[in-house]
Amino acid sequence: MTDADAQASDSPERRRAAWMAAAQAGDRIAYERVLADSVPLIRMAARRQGVAVDQLDDVVQETLLTVHRVRHTYDPARSYDAWLAALAARRAIDALRSQGRRGRHELHDDHAYDAYPDAHDATAATEREQEARHLRKAIAALPPGQREAVEQLGLKERSLAEAAAHTGRQTGALKVNLHRAIKALRARFHGES
Amino acid sequence: MAEPRLTESLIQSLGAELTPVRRLPPPWLRTAGWLLAVAVFAAVLLWHYGADHMVRRWIAEPDIALAGAGAVITAACAAWVAFSLGVPGRSARWAWLPLPGLLLWVGASGLGCLRDWVLPGTQVAGVHQSADCLVFIIGFSVPLSALLVWLLRRACPLRPVLTALMIGLASAAASAALLEICHAFAVAATDLLTHAAAVAIVVLANAAMGGRLLQSALK
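Keep in mind that this is a model prediction, so the values were computed, not measured.

A. Summary view of the overall build of chain A. Summing up its helical and strand segments, chain A has nine helices and zero strands in all. The order of α-helices and β-strands along chain A, N terminus first, is α-α-α-α-α-α-α-α-α. Counting all 193 residues of chain A, 38% fall into the buried class. For chain A, the share of sequence-separated contacts (at least 6 apart) that also reach a separation of at least 24 residues comes to 57%. Of the roughly 10,800 Å² that chain A leaves accessible, carbon and sulfur atoms contribute 52%.

B. Examining the interface of chain B and chain A more closely. With 31 residues of chain B at the interface, the matching set in chain A holds 39 residues. Summed over both sides, the interface between chain B and chain A buries roughly 3,200 Å², with carbon and sulfur atoms accounting for 61% of that surface. Our enumeration of links across chain B and chain A arrives at zero salt bridges. The interface formed by chain B and chain A holds nine residue pairs in polar contact (both at pLDDT 80 or more) in total. Residues belonging to the side of chain B that touches chain A are distributed by class as follows: 17 nonpolar, seven polar and seven charged.

C. Local environment of helix α4 (residues 56–69) of chain A. All names here are of chain A. Here α4 is 14 residues long and its end C-alpha atoms lie 20 Å apart, about the 20 Å a rise of 1.5 Å per residue gives. Judged by how many residues are buried, α4 sits mostly within the fold: 12 of 14 residues are covered. Buried within α4 are the following residues: L56, D57, V59, V60, Q61, E62, T63, L64, L65, T66, V67 and H68.

D. Main features of the side chain of N206 of chain B. All names here are of chain B. Following the sequence through the fold, N206 ends up in helix α9 (residues 189–213). The exposure class of N206 is buried, given its relative accessible area of 9%. Of note is the side chain of N206, whose polar atom sits 3.1 Å from the side chain of S145.

E. Representation of the packing of aromatic side chains within the structure. Scanning the model with the defined rule gives six aromatic pairs over all chains in all. Judged by centre distance (5.3 Å) and plane angle (80 degrees), the ring pair of F41 of chain B and F140 of chain B falls under edge-to-face. Of the two residues, F41 of chain B is situated in helix α2 (residues 27–49) and F140 of chain B in helix α7 (residues 127–151); the sequence distance between them amounts to 99 residues. Taking the relative accessible area as the measure of exposure, F41 of chain B reaches 28% and is therefore partly exposed. Three or more aromatic residues joined by ring pairs form one cluster here, namely Y74, Y80 and W83 of chain A. A cation sits over an aromatic face here: R153 of chain B above W150 of chain B, 4.0 Å from the ring centre.

Rules of the game
- Residues numbered from 1 in each chain as written.
- Chains lettered and ligands numbered in written order.
- Predicted model: local features only at pLDDT ≥ 70, side-chain atom pairs only at ≥ 80, totals over all residues.
- Heavy atoms only, no water.
- Helix = DSSP H or I, 4+ residues; strand = E, 2+ residues; numbered from the N terminus.
- Buried < 20%, exposed > 50% of the residue type's maximum accessible area, 1.4 Å probe, protein only.
- Contact = heavy atoms within 4.5 Å.
- Areas by Shrake-Rupley, 256 points an atom, 1.4 Å probe, with all protein chains shown as cover.
- Buried area = accessible area lost by both parts, 1.4 Å probe.
- Salt bridge = Lys/Arg side-chain N within 4 Å of Asp/Glu carboxyl O.
- Polar contact = N/O pair within 3.5 Å; in protein donor to acceptor, adjacent residues only side chain to side chain.
- Nonpolar A, V, L, I, M, F, W, Y, C, P; charged D, E, K, R; others polar.
- Expected span 1.5 Å × (residues − 1).
- Phe/Tyr/Trp six-rings, centres within 6.5 Å; stacked < 30°, edge-to-face > 60°.
- Lys NZ or Arg CZ within 6 Å of the ring centre and 35° of its normal.

Shown next as structure tokens:
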């Protein structure tokens, strides 16, 4: 029986703290348990910040990625729930800000459509070409690991197993890289305009 | 429902990527490490200038010793707060912790303004000497701030600007305390203003640049 199992009979918060402490030492089962257990807490923290229901899953996934990146900052002597809630609140605020920026951008586009209606298809085709060029450029600018995941899984439409065999990377790493790449591309095309 | 499945698959992917991590040392330990660096600077200055002059000044003008103690307390508290803010879930209200030390430092230094009046004939700083103080405080604050930013490189400050502000306060206060070792004259109004300007420059420069430097964990 591991320490994580021994403390699993405690209160849910102490159980999560013990799982995260075990995860810091590399215990994968404890890690997946604590992440799964964290999902409702993240949703609750995001709701408290005013995140809309249809955006909650985005915030959950972003928070899980952040937890993964900064898991070394958790101190098992302190509350896991407070640590997680602080990260979730920050990610919720980021989501609300990015939604606000996107909202302004779309309003601007509506105005553009009224003022300059599509005259002919050639213009639309040129725009599509331009967009594709921008997307190719944006993919080329991604960090190597993320670019590889987009090329293998998105553009060449390889399965995870095929992509893993082809690149020599683990399927988990490929999936995480794809998720990060989509986030970066989304921020580039919607968030920073 | 695609999204919950996506979350589950993300959890499995993160599990597959899991490697053991080295925990961040507690804030007090990192504060002690930084204070050790300040102590090394102090030891070098004491070795160069000697302690006699400083002790004589403290005996003649105890408010200078009080101001120095206030600066040291402010530096230690602000550094501890900077490291604490790098741990998610710690309350931002800790940012008030350096206030008592700051009040002691500013209050006791302010007493120096009355020195001309209280002790006529005391040597006070001219404009050039005040400029030396400015260069000293800013010059020592740069490596001390850089060291704090480096010690925070693995941290996750959810309030980067407030953290950078604390870094600026800690390094400016520590530099002002170090200045006491080789300060050749009493603190008069012009000199006090120079010190305040140097501290403000250091704090604001940190808030402007350090805030950006500290955001890498959140990207």
